[in-house]
Amino acid sequence: MGPICYTMSMVHARSVPSAVPPDQAVADLLNALEKLNHIGAAVNQAGAGDRAGTQATLRLIVDSAVQMVAGASAVIYTYDEARGVFDPSSRVSAGELTDEVPSPDGAQAGPTGAPPEGVGAEESAPQPAGDEPRPDGLGMGAIHARRPMLSYEELDPGIHPAKVAAGAQSMAAFPLVVAGDCVGVLYVYLREARSFSQLEMLMLGNFVNQAATTVYHARQLAGVQRDLARKDDELTRLRKAGLLISSRLRLEETLEAILQMALDVTNARYGIFRLLDESGRYLVTRAIAGEHLGQPAIEPLPVDSTSVMGWVARHRQPLCIPDLQADPWARVYYPLDRDLTMRSELTVPLLGANGHLEGVLNLESPVAGAFGEQDSHLLQSLATQASIAIQQARLLDALQEIAGLLLVQPCQRVLDRLAELACELLNARSSAIWTVQGEQLAPRASANRHRPGDPLPLRRSLAGQAILERDAVMASDVRADPRFARLDLALAEGWVGALVVPVLSGEDAEPLGAFGVYSGQARDGSFGQSDWDKKVLSILARYAGLALHNARRQEALRQAQEQRAVAETFAALGDIAANLLHHLNNKVGTIPVRVQGIQDKYAAVLDANPYLASNLAEIECSAAEAMAAVRDSLSLLHPIQLVPVSLAACVSSALASASLPANIAVQSEGLESMPPVAAGQQSLVLVIINLLQNAAEAMDGQGTVIIRATAQGGRVLLAVSDNGPGIPPELQERIFEFNFSARKAAKRGKLGFGLWWVKTLMARLGGSIQVESDGKTGTTFRLSLPCAETRS
């Protein structure tokens, strides 16, 4: 509803004809139009934010009114419709009723009060006593009726007594109405008992609309300025909250500062931060503020409890309660302090970047209706800052923990903890870490999974895509995503959403694997709502890359130290072996010579005594075999000369010498295409023979052995796999020990050192050996040897 439109019918009903000459009427009309034009221009200037222009506009309106109505006095009072009262200090007047009649060409400005909001006071004088609008006067009647009220038509209540005493005999009260709201009243008084003419009513109606627009715009402008000032203050406080997050080391300090800031901004008296515990079932107090707290209720509050904070936590929505003593809030209110009486409450949820509930922020006041919509918006902004602080604090704590583990714990322990932290920080149902092994991804660690990890294909999986593209990949529903290779796994684990990032040890390094988190249907948020999930998982993946990289460096260092120790040990053993062989040859090596001397000298006796002849021959043969066996075994203690060796030739020699049972089938893949390796031919053949014989024994003489070779990063990887019963996990470390052997007895002519000897030879060759087996089906021994052209 806009300003009131004063029509001719309204004028006819409330005015009398005026006997004004036509020429004078035209002149008056032109004069009125000129004044309206000036008033309109003044209104436009006031609407642009000129406070002085607003004052000048209202002054111009009352001056124009008294000039258009001869002998009149005009007064404007503003009105607060929300409170239903006039503002006496807002009085603006012209042509005050006095004994002296104002001149026709200018209004006599009598004493006035302070101007309304947006109007200055440099032209105002003290307000006359007893001039304020009456609660039951014509001005209030005009407001209620939303039309002009004329004193000669409304006998009760009549003209204000103060104006009657000043000489007023007729009057009109015009309501200033804009957009359905009344913002004031224009009073026009006459010194003579007459009615207003049609022209006077029409012109006054236009002045009324201009005055209403001026007051309305001034109020709107003042409201906008107040809102801008408040918004500026809110932004300042939010910037301060952001600085608090970056400057505080402890989460409690940050929460306390934000809580105090919330109390200051909203004029609340009390406040409390409650955060969700690890179980997700309780809201635990982390910060509380307020004066004269006696018995604050800081015990854990169940999320499913009948309370305002519980409702906000469950529904993830803010709640503003103007009166806690009204139903239904009186029945569900959980007191912040049992010694204090609260009347209003404002509670907002703390939601993380992925929509996960972090806790609630609650403010209370003993005053009813203390909080409004703007307070709710501001508190939600502060709650967002608090959520950021919580997430950053948790991430920082997690990284500090992992940094400590990297220094003292083995790689597997670090990876296991990283998988657990990913679930905690990202509210994920499960997580997993894979490492690249050729064309497959081998599981290394997981959290909250019901099934043991299974290998994934590198080129046909979501995790493989993250590795190949070196970037994060997401899936909103892995059950319908063709990139997800294991639908059975998703169904078994209850996975829906997925986020996978590559595991890198450096910006330019090749990916070592992938790190993925998976959500279920009950997850509060979804991956990808913000960059926070990707950032957090990428940081954790970088720490996983550091753990894997450090483990490889430590393993390389250990192998280098082991190789050096083995080389030094075998150098000493080589000297001992040479000396031992020399002494044995002096003692045992002469036995065949002495036997031959006895046989030559006592041939007749030996011919007559077959038993003696047979024993001498056996002694001679045993001594020769013993010396041959000692030479073969001790030769392994001599230094190994590393030369380029063909892997395929070594495997062929081993197959020819291993004497495998007829029911053992051996298959080979990729041997011929491998580059030469740096090794000792005899030593490498002995290693392969030992592995082949172990496989044959494990399969009880019947089964298949597969030998595969691949080149990777300047090394050749040789895998020897069988389909036997496997090696239990608890024995996989022990099989390489010196005194361990699963064989019933060592073969004749061998030292019987088993896999310890294999591992020792591989160390002397600059390589390594590992075993893989699920303990149920099959065993694979993986050998790693340096390529001949890359060895320094």
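Can you walk me through the overall build of the protein chain in this structure?
Of the regular secondary structure elements, the protein chain holds 20 helices and 25 strands. Put simply, 64% of the contacts in the protein chain that link residues at least 6 apart link residues at least 24 apart. Summed over all atoms, the accessible surface of the protein chain reaches about 38700 Å², with 53% contributed by carbon and sulfur.

Sorry, what's going on with the sheet that holds strand β14 (residues 440–447) here?
Remark on secondary structure: sheet strands pair via backbone hydrogen bonds, oriented parallel or antiparallel. Strand order in this open sheet of six strands is β15-β14-β13-β18-β17-β16, and the pairing throughout is antiparallel. The two strands at the open ends of the sheet, each matched to only one other strand, are β15 (456–457) and β16 (473–475). Bridge count between strand β13 (residues 430–437) and β14: seven bridges; the pairing is antiparallel. Looking at the pairing, Thr435 lines up with Ala442 of β14. In the packing of helix α11 (residues 411–426) onto the sheet, contacts are made with β13, β14 and β18 (513–518), and the angle to β14 comes to roughly 70°.

Explain the pattern of salt bridges here, please?
A side chain of one charge can pair with a side chain of the opposite charge when the charged atoms of the two come close. Following the criterion strictly, the structure yields 20 salt bridges and no others. Taking the shortest distance from any N to any O, the salt bridge between Arg147 and Glu154 comes out at 3.5 Å. Between Arg194 and Glu192 there is a salt bridge, with the nearest N and O atoms lying 3.3 Å from each other. Each member of the salt-bridge network shares a partner with another, and the members are Glu401, Arg417, Glu420 and Glu424.

Sorry if this is basic, but what is going on with the pairing of strand β5 (residues 170–178) here?
For a regular strand, side-chain orientation follows a simple rule: the groups alternate between the two sheet faces. Among the nine residues in β5, nine count as buried, and that is most of the element. Residue alternation in β5 divides its side chains into two sets, Ser170, Ala172, Phe174, Leu176 and Val178 and Met171, Ala173, Pro175 and Val177, and both sets are buried. In this structure, β5 lies alongside strand β6 (residues 181–190), joined through nine bridges in antiparallel fashion. Directly across from Ala172, in β6, lies its bridge partner Val188. Here β5 folds back onto β6, and the loop between the two strands holds two residues, one of which, Ala179, carries a positive phi near 55°.

Got a minute to help me understand the sheet that holds strand β23 (residues 715–722) in this structure?
The mixed open sheet is built from five strands, whose spatial order is β20-β22-β23-β25-β24. A strand with exactly one partner marks an edge of an open sheet, and here the two such strands are β20 (664–669) and β24 (768–772). Here the average twist between neighbouring strands, direction ignored, is 15°. Alignment of β23 against strand β25 (residues 779–786), held across eight bridges, turns out to be antiparallel. Bridge pairing links Leu717 to Ser784 in β25.

I'm lost on the nonpolar core in this one. Help?
The nonpolar side chains of a soluble globular protein tend to be buried, and buried together. Counting residues in hydrophobic clusters, the biggest one holds 44 residues, and the most contacted among them are Leu684, Leu691 and Phe781. Listing elements by their share of this core, those giving two or more residues are α18 (647–658), β21 (677–679), α19 (681–698), β22 (703–712), β23, α20 (755–764), β24 and β25. Discounting residues that sit within four places of it in the chain, Phe781 has contacts with Leu691, Leu718, Ala719, Val720, Ile727, Ile735, Phe736, Leu755, Ile769, Gln770 and Val771. By size, the runner-up hydrophobic cluster in this structure holds 32 residues, among which are Cys411, Leu499, Val536 and Ala547.

What is the right way to look at helix α8 (residues 308–315) in this model?
For an α-helix the count is 3.6 residues per turn, leaving residues at separations of three or four pointing the same way. Among the residues making up α8, those that are buried are Val308, Met309, Gly310, Val312 and Ala313. Two or three places before Gly310, at the start of α8, stands the capping residue Ser307, its side-chain oxygen 3.0 Å from that residue's backbone nitrogen. Taken from the residues just after α8, Arg316 is the one with a positive phi, measuring 55°.

What is the right way to look at the packing of aromatic side chains in this model?
Think of a pair of aromatic rings as described by two things: how far the centres are apart, and how the planes are tilted against each other in angle. All chains considered together, the criterion is met by seven aromatic pairs. Ring centres 6.3 Å apart and planes at 80° place the aromatic pair Phe484 and Trp495 in the edge-to-face group. Of this pair, Phe484 sits in the loop between β16 and α13 (487–493) while Trp495 sits in the loop between α13 and β17 (498–503), and the two are eleven residues apart along the sequence. Judged by its relative accessible area of 12%, Phe484 falls in the buried class. When its relative accessible area of 1% is taken as the criterion, Trp495 is described as buried. An aromatic cluster of at least three residues, connected via ring pairs, comprises Tyr77, Tyr187 and Tyr189.

In this structure, what is going on with unusual backbone geometry? I would like to understand it.
Most peptide bonds adopt trans geometry, and most residues besides glycine take a negative phi value. Residue Asp327 is joined to Pro328 through a cis peptide bond whose omega torsion reads 0°. Even without being a glycine, Arg470 presents a positive backbone phi close to 55°. As for its position among the elements, Arg470 is in the loop between α12 (462–469) and β16. When its relative accessible area of 33% is taken as the criterion, Arg470 is described as partly exposed. Positive phi values are uncommon outside glycine, yet Ser659 reaches one of about 50°.

Quick question: what am I supposed to make of the environment of Leu340 here?
As for its position among the elements, Leu340 is in the loop between α9 (329–332) and β11 (344–351). Residues Leu340 and Leu293, 47 residues apart in the sequence, show an inter-C-alpha distance of 7.8 Å.

Mind showing me how you'd approach the pairing of β17 here?
In terms of residue burial, β17 counts as a mostly covered element, since six of its six residues are buried. When β16 meets β17, the two strands line up antiparallel, connected through three bridges. Bridge pairing links Met474 to Leu499 in β17. Relative to β18, β17 runs antiparallel, the two being bridged by six bridges. Bridged to Val500 within β18 is Gly516.

Got a minute to help me understand the environment of Phe86 in this structure?
As for its placement among the helices and strands, Phe86 is situated in strand β2 (residues 85–86). For the pair Phe86 and Gly184, spaced 98 residues apart in the sequence, the C-alpha separation amounts to 7.6 Å. Here Phe86 is in contact with Tyr77, Thr78, Tyr79, Pro133, Gly139, Met140, Ile143, Val185 and Tyr187, once residues within four sequence places are set aside.

What should I look at first to understand the packing of helix α7 (residues 251–266) against helix α10 (residues 373–408) in this one?
Think of two packed helices as two axes; the pair is described by the angle between the axes and how far apart they sit. Relative orientation of the contacting elements α7 and α10 amounts to 175°, with a least axis distance of 10 Å. Between α7 and α10, the crossing angle belongs to the class labelled roughly antiparallel. Here α7 contributes Leu251, Thr254, Leu255, Ile258, Met261, Ala262, Val265 and Thr266 to the contact with α10, which in turn contributes Asp375, Leu378, Leu379, Leu382, Gln385, Ala386, Ala389, Ile390 and Ala393. Of the residues assigned to the contact of α7 with α10, the class counts are 13 nonpolar, three polar and one charged.

Honestly, α18 in this entry has me stumped. Any pointers?
The end-to-end C-alpha distance of α18 is 16 Å, a good match for the 16 Å that twelve residues give at a rise of 1.5 Å each. By the burial criterion, the buried members of α18 are Leu647, Ala648, Cys650, Val651, Ala654 and Ala658. One face of α18 carries all of its buried residues, which in axial projection span an arc of 160°. Considering only its buried residues, α18 is in contact with β19 (643–645), α19, β22 and β23. Trailing α18 by a residue or two, Ser659 shows a phi angle of about 50°, which is positive.

Teacher, can you tell me more about the confidence of the model for the protein chain here?
The predicted coordinates ought not to be read in detail in places where the model reports low pLDDT. This prediction gives the protein chain a mean pLDDT of 80; 80% of its residues lie at or above 70. Confidence, read as mean pLDDT per element, is least for helix α1 (residues 8–14) in the protein chain (46) and greatest for β5 (94). Confidence drops under a pLDDT of 50 for residues 7–16, and excluding neighbours within four residues, the segment shows 25 contacts in the predicted structure. Residue range residues 99–129 is modelled with pLDDT below 50. Its contacts to residues more than four positions away, or to other chains, number 76 contacts.

About the criteria used
Residues numbered from 1 in each chain as written. Predicted model: local features only at pLDDT ≥ 70, side-chain atom pairs only at ≥ 80, totals over all residues. Heavy atoms only, no water. Helix = DSSP H or I, 4+ residues; strand = E, 2+ residues; numbered from the N terminus. Contact = heavy atoms within 4.5 Å. Areas by Shrake-Rupley, 256 points an atom, 1.4 Å probe, with all protein chains shown as cover. Pairing = 2+ DSSP bridges. Axes fitted to C-alpha atoms, helices over the stretch in contact; angles between N-to-C directions. Salt bridge = Lys/Arg side-chain N within 4 Å of Asp/Glu carboxyl O. Buried < 20%, exposed > 50% of the residue type's maximum accessible area, 1.4 Å probe, protein only. Core = buried A, V, L, I, M, F, W, Y, C linked by side-chain atoms within 4.5 Å. Polar contact = N/O pair within 3.5 Å; in protein donor to acceptor, adjacent residues only side chain to side chain. Phe/Tyr/Trp six-rings, centres within 6.5 Å; stacked < 30°, edge-to-face > 60°. Parallel < 35°, antiparallel > 145°, perpendicular 65-115°, else oblique. Nonpolar A, V, L, I, M, F, W, Y, C, P; charged D, E, K, R; others polar. Expected span 1.5 Å × (residues − 1). Arc of directions from axis to C-beta. pLDDT = per-residue confidence, 0-100.

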